Every structure is written in structure tokens, then in C-alpha cells.
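Structural features, examined
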Amino acid sequence: PMQVGRARSSEDLGYLPDNTGDNISDLNHKFGELTGIYWVWKNDMDSDIIGVCHYRRFFTDDKGRLMEAVDFENAISDHGVLISQCIPCELTYRENYAREHQAKDIDALEYGIQTACPNYLPEFYEAMNGHKRYFGNIFVMHRQDYMDYCAWLFDVLVTAGEKIDVTGYDEYHARIYGFLSEILVYVWALHNNKNIHEGHLMMTGEKAESLELKDALTLLIKNRQIAEAKKMFEEVTKVRPDVLMKASDLFGDLNDIWEIILICDKEMKEGKSELLDYSTDINVLLKLLRDKKR
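Let me sum up the structure you'll find in this document. This one's a predicted model, so the numbers in the text were calculated from it and none came from an experiment.

**Concerning the overall build of the protein**
Check the secondary structure of the protein and you find 14 helices and 9 strands. Across its three principal axes, the protein shows a C-alpha extent of roughly 65 × 40 × 40 Å. Out of the 294 residues belonging to the protein, those deemed buried represent 45%. For the protein, the proportion of contacts with a sequence separation of at least 24, taken over those separated by at least 6, is 71%. With the model as given, the accessible surface of the protein reaches about 15,200 Å², and the carbon-plus-sulfur share is 51%.

Now the structure itself:
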């Protein structure tokens with residue numbers, strides 16, 4: 001386990017930190033998990049197979065069991081690259097990215113490839129105009145492939161950075177290089193004729209920030225502090241809209257809690273408190289709301 005962004009955190013989780021040796025740990029707010037990927041590239045001198053999973057996303061076999069060393073070895077034995085299973089999209093990758101982020105940043109990425117390695121443009125356009133999404137920068141490959149990929153990846157991103165300005169981005173969208181790079185392992189593998197294997201991913205839990213917001217809102221509702229709950233929800237989701245994503249809030253609790261907050265807020269403005277008089281236990285209120293929706 002590695003703690004990324006250690007240079008920007010006062011909390012020591014007891015894991016291998018990414019702020020030793022040759023590192024870009026201080027850029028974690030823009031690069032996300034890539035600061036860990038960079039650290040391994042520059043500092044790991046021993047591993048023969050290198051891969052990246054995240055704290056709640058892991059590769060599994062066809063039966064849903066966590067993959068072990070021998071599984072990874074078999075998956076890439078033919079000089080292949082293991083990446084996350086693609087998500088088919090109705091829109092093209094470029095269109096979908098523009099919907100969720102800023103279209104101009106894809107233009108900057110295109111500039112990065114055109115300037116640093118124009119011979120990759122055919123595969124880049126194939127990915128941009130295709131209807132596949134790969135997410136999370138989750139992959140496994142042989143050591144030399146990892147070294148080659150990282151050298152190419154960071155060259156492209158640094159060059160693209162000449163056209164990138166995150167002024168005005170919220171905390172989530174400011175992690176621009178992490179988002180831009182998600183498709184690049186696919187582009188690199190296509191260009192280098194790697195055998196691409198798509199692996200199943202398992203979510204082991206909800207995003208920590210989503211759980212933290214849930215816990216805080218639960219306490220405020222229990223104490224009937226609805227105005228405070230409403231303010232907290234609005235402030236947190238403004239800078240971290242990702243806490244509401246399906247992959248973050250696996251059971252959809254936060255959206256339902258927001259609906260409960262709005263109902264309570266409306267009642268209070270009308271001088272009533274029927275919902276809170278029924279219960280201030282969020283689990284009871286969620287069950288009530290969902291039963292009524294059925």
C-alpha cells in the first residue's frame with residue numbers, strides 16, 4: 001500500500017509514502033493517483049511485474065475472487081497489458097469527457113500528443129472517436145512496459161500542461177491529469193501492439209469522502225439541525241461533486257438524504273416538523289422515503 005499526496009498531507013497512514021526519492025507528491029492535487037505511478041516508475045528497481053489498483057478497486061477473476069500473483073502472471077504472459085474492463089458509451093469518448101469535464105482539456109491532450117509523439121495520433125483519434133471508456137488508471141504490465149509507458153505518459157502530460165489552466169476548477173476537477181490519463185494506457189497499448197486484456201473490477205466499499213459526508217449529515221439530522229445539514233451538503237458537493245457519483249455513493253444514500261433534507265427544510269419553513277417527529281434516525285427515514293417511492 002502507498003500513501004499518495006503525502007507531501008500535501010499532515011496525516012501519516014503508515015504506508016509507503018510517495019514523497020521520497022524522485023517524486024511529484026506535491027502535485028497530487030492535480031495528478032491524483034499518478035503521483036504514485038510516478039514514484040514507482042522512478043524508485044522501484046526490483047519488481048518484474050508492476051500494476052496499480054486503488055484503495056477500493058481491485059482486479060478479480062471471472063468468479064469474483066481477488067486476483068493473486070499467478071493470475072496476474074497468466075494474464076500478461078503473452079506480453080499483454082491488463083486494464084480495467086471498458087464501459088461502453090452511447091457518446092464518443094471525447095463527447096463524454098466534455099460532458100463531465102472541460103472539452104478544452106482534451107484539446108490540450110491532443111496538443112500534447114501531436115507535439116511530443118505525433119505517431120500516436122491515429123490511436124489517439126481512434127480512442128477519442130470510439131465509444132469505450134476506461135477509468136481509474138488501473139493496469140498491470142511487465143516491468144519494461146511500465147517503464148516505457150510512464151516515460152511516454154509523463155512526456156505527453158507535461159507537454160499538454162503547456163495548454164492547461166485549472167483556475168476556477170473545483171477540488172475534484174482540478175485533478176485534471178488523472179482524468180486525462182485514464183484513456184492513455186489504452187492509446188499506448190494500441191500503438192505498441194500489446195495484447196489488451198480487460199479485467200473485472202470489484203468495489204470493496206464507498207468513497208471515503210462520501211461516507212464522511214453521510215456520517216456528518218446523519219448527526220445533523222439526528223440533532224434536527226436541518227439548515228446546517230443543507231448548507232453542508234451544498235458546500236461539500238460544490239467542491240467535491242464526485243461524492244455523488246454511482247461509483248462513490250454505491251447505494252445512492254446521499255441523493256436520498258438530500259431529498260429528506262429538502263422535505264424537512266420545507267416543513268420547517270411552514271412551521272411543521274412531521275418528518276422529524278416521525279424519526280430523526282436516518283436509516284428509518286431512508287426506508288420510509290424508499291418505501292414511498294416503490
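**Some details on the packing of aromatic side chains**
Tallied over the entire structure, the rule returns 15 aromatic pairs. For the pair Phe 31 and Tyr 177, a centre-to-centre distance of 4.3 Å together with 10° between the ring planes defines the contact as stacked. In this pair, Phe 31 sits in helix H1 (residues 28-31) while Tyr 177 sits in helix H8 (residues 176-181), placing the two residues 146 residues apart along the sequence. The pair formed by Phe 31 and Tyr 177 is uniform in burial state, with each residue classed as buried. Between Phe 139 and Tyr 146, the aromatic rings sit 6.1 Å apart at their centres with planes inclined by 40°, giving tilted as the arrangement. Take Phe 139 and Tyr 146: they sit in the same class, and that class is buried. An aromatic cluster is built from Tyr 120, Phe 139, Tyr 146, Tyr 149, Trp 152 and Trp 188, whose rings are joined through pairwise contacts.

**Considering helix H11 (residues 226-239)**
The end-to-end C-alpha distance of H11 is 20 Å, a good match for the 20 Å that 14 residues give at a rise of 1.5 Å each. When we look at burial in H11, the residues that qualify are Ile 226, Ala 229, Phe 233 and Thr 237. Take H11 and look down its axis: the buried residues cluster within an arc of 55°, on one side only. Turned more than 90 degrees off the buried face of H11, the exposed positions are Ala 227 and Lys 238. Buried residues along H11 sit against helix H10 (208-222), helix H12 (253-269) and helix H13 (274-278).

**A short note on the pattern of salt bridges**
Counted under the stated rule, the structure contains 26 salt bridges. Arg 143 serves as the salt-bridge partner of Asp 44, at 3.4 Å between the closest nitrogen and oxygen. Within this pair, whereas Asp 44 is found in the loop between helix H2 (34-43) and strand S3 (49-52), its partner Arg 143 is found in helix H7 (residues 143-160), the two being separated by 99 residues in sequence. Linking Lys 214 and Asp 249 is a salt bridge whose minimum nitrogen-to-oxygen distance equals 3.1 Å. Note that Lys 214 is positioned in helix H10 and Asp 249 in the loop between H11 and H12, a separation of 35 residues in sequence. Across the pair, exposure class does not vary: Lys 214 and Asp 249 are buried alike. Salt bridges linked by common partners bring Glu 206, Lys 214, Asp 249, Asp 253, Asp 256, Glu 259, Arg 290 and Lys 293 together as one network.

**Re empty space enclosed by the protein**
A probe as big as a water molecule, rolled over the atoms, marks out the empty space that is left. In total, this model carries 1 cavity of 30 Å³ or more according to the counting rule given. A volume near 30 Å³ is recorded for the largest cavity. If you go around the largest cavity, the residues you meet are Ile 83, Ser 84, Tyr 134, Phe 135, Asn 137, Ile 138, Glu 182 and Val 185. A breakdown of the residues in the lining of the largest cavity according to their chemical character gives 5 nonpolar, 2 polar and 1 charged.

**Overview of the sheet that holds strand S4 (residues 57-60)**
Within the open sheet, the 5 strands sit side by side as S3-S8-S5-S9-S4. Their pairing is mixed. Each edge of the open sheet is held by one strand with a lone partner, namely S3 and S4. Geometrically, the sheet is characterised by an average inter-axis angle of 30° between neighbouring strands, direction not taken into account. Of the strand pairs in this sheet, S3 and strand S8 (residues 139-142) are connected by 4 bridges, and their pairing is antiparallel. Note that in S8 the partner of Ile 49 across the bridge is His 142. Here H7 sits on the sheet in contact with S3 and S8, set at roughly 115° to S8. Strand contacts of helix H9 (residues 184-191): strand S5 (80-84), S8 and strand S9 (195-203), with the helix running at about 155° to S5, the strand carrying the most contacts.

Analysis parameters
- Residues numbered from 1 in each chain as written.
- Predicted model: local features only at pLDDT ≥ 70, side-chain atom pairs only at ≥ 80, totals over all residues.
- Heavy atoms only, no water.
- Helix = DSSP H or I, 4+ residues; strand = E, 2+ residues; numbered from the N terminus.
- Buried < 20%, exposed > 50% of the residue type's maximum accessible area, 1.4 Å probe, protein only.
- Contact = heavy atoms within 4.5 Å.
- Areas by Shrake-Rupley, 256 points an atom, 1.4 Å probe, with all protein chains shown as cover.
- Phe/Tyr/Trp six-rings, centres within 6.5 Å; stacked < 30°, edge-to-face > 60°.
- Expected span 1.5 Å × (residues − 1).
- Arc of directions from axis to C-beta.
- Salt bridge = Lys/Arg side-chain N within 4 Å of Asp/Glu carboxyl O.
- 1 Å grid on protein atoms, 1.4 Å probe; cavity = no way out; pocket = protein on both sides within 12 Å on 5 of 7 lines; lining within 4 Å.
- Points joined across faces, edges and corners; volume = space filled by probe spheres on them.
- Nonpolar A, V, L, I, M, F, W, Y, C, P; charged D, E, K, R; others polar.
- Pairing = 2+ DSSP bridges.
- Axes fitted to C-alpha atoms, helices over the stretch in contact; angles between N-to-C directions.

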